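Residue strings, one per chain:
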Amino acid sequence: MTSRIIGTGSYMPAQIVTNDDLAKVVDTSDEWIAGRTGIRQRRIAVGESACGMATEAARRALESAGIDPEELDLILVGTTSADHCFPSAACEVQGEIGAVNASAFDVSAACSGFLFAMNTMQAFIQSGMYRTGLVIGVDCLSKLIDWKDRGTCVLFGDGAGAAVLQASDTGICHTMMRSDGTKWRVLSCVSRTNGNLLNRKTPELGYLYMDGQEVFKFAVKRVPECIDQVLKESGTAVEEVKYFVLHQANYRIIESVAKRLKQPMDKFPMNMERYGNTSAATIPVLLDELNRSGKLNFGDKIVLSGFGAGLTWGATLLEW
Ligand code: ACO
């Protein structure tokens, strides 16, 4: 018994912010941003909340799967920028869509959030505990960014993607997840809730901090390594894989992974040019685009791979 993705959905905020728009706010240029990252524009939530984006992506995924919210046993949301510290974004979405029979909780693994949540869902379904689950990756990092810091503000965007998983004989073939907590400082964001009665600290502003070059080195080493591992452990040749759906942080990272795996770039779909890095949302949004454009056929082998703060990274091999 394994689980299969039976539907996908996504939601991106309406407001587009181009590199030229950012060049009016910080000392940067379209040439620098596009040349170093592949990003030309991103969506920024103005009227939308994280829960609102997640809910809309979930509704679209349920519609594409052809199932009712009441059929869901579990809802997992990968996010690090939910609207509330508690309850979880997953509980908020549950309430919005009326998934009255589900349990719901969030998974915190930053940009690896969707992948970690999906692999967790797979473990629950594989164990026989649940049959049908909804996995969402949503982030609204625009509210955690220092818009005066040109080193980080040009990289990120907001959005949400979702997938419905159901018990099946074929689907997810192999998963792996890893973390290295010794490197947590490389990519982090301070909680706003660190003041109390006794320490009398004023709550700090929670701006995102990133050591870009450390993240770059980590990604180009760990991503091909973990993809190699899932392929080897499942006895799959790299040539059998139709698409590598990677976290959309930077096209240079993806080019480096393709080179290390000795695979052509057309196996590595990308959309960061339009959306930037939407953190936990990048993988399900890209998957939804591939699905809706009819590029995925029954039995196609696909590898998903994410990496992010923690540090966290992982890969999943699945058959569509
Ligand atoms: N516009 C113009 N100049 C800039 C900008 C900008 N937006 N940002 C930085 N610079 C300048 C720096 O100030 C520096 O100038 P200096 O040489 O005068 O000091 C110069 O550009 C080079 O800066 P670096 O930080 O060394 O630039 P680098 O080549 O490393 O590129 C980048 C930065 C794109 C962030 C790169 O390190 C990278 O891709 N890292 C991977 C991290 C990543 O993708 N993170 C995404 C989020 S994390 C995740 O998703 C897991």
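Residues numbered from 1 in each chain as written. Predicted model: local features only at pLDDT ≥ 70, side-chain atom pairs only at ≥ 80, totals over all residues. Heavy atoms only, no water.

Visitor: Sorry if this is basic, but what is going on with the layout of surface pockets here?
Guide: The gaps left among the atoms become clear once a water-sized probe is rolled over them. Of the volumes computed, that of the second largest pocket is approximately 150 Å³. Lining the second largest pocket, in full, are Asp 180, Lys 183, Val 186, Glu 214, Lys 217, Phe 218, Lys 221, Arg 222, Leu 311 and Trp 313. In terms of residue count, helix H7 (residues 212–233) provides more of the lining of the second largest pocket than any other element does, five residues in total. Its residues assigned to classes, the lining of the second largest pocket shows four nonpolar, no polar and six charged. (1 Å grid on protein atoms, 1.4 Å probe; cavity = no way out; pocket = protein on both sides within 12 Å on 5 of 7 lines; lining within 4 Å. Points joined across faces, edges and corners; volume = space filled by probe spheres on them. Helix = DSSP H or I, 4+ residues; strand = E, 2+ residues; numbered from the N terminus. Nonpolar A, V, L, I, M, F, W, Y, C, P; charged D, E, K, R; others polar.)

Visitor: What is the right way to read the site of the ligand from this model?
Guide: Taken together, 23 residues are adjacent to the ligand, and Thr 28, Arg 36, Gln 213, Asn 250 and Asn 277 come closest. Between the ligand and the protein, one listed contact pairs a nitrogen atom with a side-chain N or O atom of Thr 28 at 2.7 Å. Here an oxygen atom of the ligand sits 2.7 Å away from a polar atom, N or O, in the side chain of Asn 277. Elements that contribute at least two residues to the shell around the ligand include exactly helix H2 (30–37), helix H6 (150–153), H7 and strand S12 (301–308). If you tally residues by element for the shell around the ligand, the top one is H7, at four residues. Looking at the shell around the ligand residue by residue, the class counts come to ten nonpolar, nine polar and four charged. Three or more residues apiece are contributed to the shell around the ligand by two domains, here domain 1 (2–168) and domain 2 (174–178 + 212–319). (Near = heavy atom within 4 Å. Polar contact = N/O pair within 3.5 Å; in protein donor to acceptor, adjacent residues only side chain to side chain. Domains from an automatic or database assignment.)

Visitor: What am I meant to see in the sheet that holds strand S1 (residues 2–11) here?
Guide: Whether parallel or antiparallel, the strands of a sheet pair through hydrogen bonds between backbone atoms. Across the sheet, five strands lie side by side as S1-S7-S6-S4-S5; this open sheet has mixed pairing. Of all the strands in the sheet, just S1 and strand S5 (103–107) have a single pairing partner and so form its edges. The sheet shows a mean angle of 20° between the axes of neighbouring strands, taken without regard to direction. Together, S1, strand S6 (132–140) and strand S7 (158–168) form the strand contacts of helix H10 (residues 282–292), whose direction differs from that of S1 by roughly 95°. (Pairing = 2+ DSSP bridges. Axes fitted to C-alpha atoms, helices over the stretch in contact; angles between N-to-C directions. Contact = heavy atoms within 4.5 Å.)

Visitor: Help me understand the domain arrangement of the protein chain in this model?
Guide: Often, the extent of an interface is quoted as the loss of accessible area on bringing the components together. By the assigned domains, the protein chain splits into domain 1 (2–168) and domain 2 (174–178 + 212–319). Taking only C-alpha atoms, the centre of domain 1 and the centre of domain 2 are 17 Å apart. Tallying the contact residues gives 42 residues for domain 1 and 40 residues for domain 2. When domain 1 packs against domain 2, close to 3,000 Å² is buried across both sides, 60% of that on carbon and sulfur atoms. (Buried area = accessible area lost by both parts, 1.4 Å probe.)

Visitor: I would appreciate a short explanation of the pairing of strand S13 (residues 312–319) in the present structure.
Guide: In summary, the side chains of a regular strand alternate between the two faces of the sheet. Within S13, seven of the eight residues are buried, leaving the element largely enclosed by the surrounding structure. As judged from the seven bridges shared by strand S8 (residues 172–179) and S13, these two strands associate in the antiparallel manner. Its bridge partner being in S13, Ile 172 is matched across the sheet by Leu 318. In this structure, S12 lies alongside S13, joined through eight bridges in antiparallel fashion. Within S13, the residue paired with Gly 306 across the bridge is Gly 314. What sits between S12 and S13 in their antiparallel hairpin is a turn of three residues, with Gly 310 showing a positive phi close to 145°. (Buried < 20%, exposed > 50% of the residue type's maximum accessible area, 1.4 Å probe, protein only.)

Visitor: I'm lost on the sheet that holds strand S11 (residues 241–246) in this one. Help?
Guide: The mixed open sheet is built from four strands, whose spatial order is S8-S13-S12-S11. Two strands in the sheet have a free side with no partner beyond their single neighbour: S8 and S11. Across this sheet, the average inter-strand angle for adjacent strands is 10°, counted without regard to direction. As paired strands, S11 and S12 are joined by five bridges and run parallel to one another. Within the sheet, the bridge partner assigned to Leu 246 lies in S12 and is Ser 305. Of the strands in this sheet, S8, S11, S12 and S13 touch H7, which is tilted by about 35° from S13.

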